[in-house]
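Topology and contacts: notes
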Amino acid sequence: MGEDSGRSNDSQTNGDVPCCKCGVPMQPNDVNMCDSCFYSEVDLTEGLQKHVTITFCPDCVSYLQPPGTWIKAQPESKELLTFCVGRLKDFNEARLVDAEFIWTEPQSKKIRVKLKLQKEVLQGRILEQSYTVEFVVHDQSCKTCSGI
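Small disclaimer: the values here were computed from a predicted structure and weren't measured. (Residues numbered from 1 in each chain as written. Predicted model: local features only at pLDDT ≥ 70, side-chain atom pairs only at ≥ 80, totals over all residues. Heavy atoms only, no water.)

1. Considering the pattern of salt bridges
- Evaluated as defined, the whole model comprises 3 salt bridges.
- We note a salt bridge from Asp139 to Lys109, for which the minimum N-O separation is 2.6 Å. Here the residue Asp139 occupies a position in strand 8 (residues 125-139), and Lys109 occupies one in the loop between strand 6 (95-102) and strand 7 (110-122), the gap between them amounting to 30 residues.
- A relative accessible area of 32% means that Asp139 is categorised as partly exposed. (Salt bridge = Lys/Arg side-chain N within 4 Å of Asp/Glu carboxyl O. Helix = DSSP H or I, 4+ residues; strand = E, 2+ residues; numbered from the N terminus. Buried < 20%, exposed > 50% of the residue type's maximum accessible area, 1.4 Å probe, protein only.)

This is the structure we're talking about:
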């Protein structure tokens, strides 16, 4: 018996198996993939909204909360962040753990928000991913400001 069989025995005694993607020795799990490979394969943001259009009244600095409520919010305020996050449908059973604005030029008519999500994905493993949602601002006067 050579040196190779000794390594194989060590591997068997430790219970290690090779990762099915990169071959690194690891403890077996349901997908037989190391943490690095597993996390690179899972996308918590798949199917989530990445672009949303919102309506803004420039006269009274309010945003339309459909169907007909207008919410006053200053740029990059807590109220605006809450409004933006509230416009998103759901997070595929993931939990929102953080949200923050990403600075954009005011005249771009875009608001970018970076969201951080967490979800238990396998054997109690918690996966955390960040993604950006772009809110395109459409100007339209509210009924009060337009006099309708």
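2. Looking at the layout of surface pockets
- For the largest pocket, the calculated volume is near 350 Å³.
- Lining the largest pocket are 17 residues, with Tyr63, Pro75, Pro106, Lys110 and Ile111 sitting closest to its centre.
- Looking at the lining of the largest pocket, the elements that each hand over two or more residues are strand 6 and strand 7.
- Sorting elements by how many residues they give to the lining of the largest pocket places strand 7 first, with 3 residues.
- Here the lining of the largest pocket is composed, by residue class, of 11 nonpolar, 1 polar and 5 charged. (1 Å grid on protein atoms, 1.4 Å probe; cavity = no way out; pocket = protein on both sides within 12 Å on 5 of 7 lines; lining within 4 Å. Points joined across faces, edges and corners; volume = space filled by probe spheres on them. Nonpolar A, V, L, I, M, F, W, Y, C, P; charged D, E, K, R; others polar.)

3. Here we look at the packing of aromatic side chains
- Counted under the stated rule, the structure contains 3 aromatic pairs.
- For the pair Phe56 and Tyr63, a centre-to-centre distance of 4.8 Å together with 40 degrees between the ring planes defines the contact as tilted.
- For Phe56, a relative accessible area of 13% gives the class buried.
- By relative accessible area, which is 6% here, Tyr63 ends up buried.
- Judged by centre distance (5.5 Å) and plane angle (40 degrees), the ring pair of Tyr63 and Phe83 falls under tilted. Linking Tyr63 in strand 4 (residues 62-65) with Phe83 in helix 3 (residues 78-86), this pair joins segments that are 20 residues apart in sequence.
- What makes Phe83 buried here is its relative accessible area of 4%.
- Members of the aromatic cluster, joined through ring pairs, are Phe56, Tyr63 and Phe83. (Phe/Tyr/Trp six-rings, centres within 6.5 Å; stacked < 30°, edge-to-face > 60°.)

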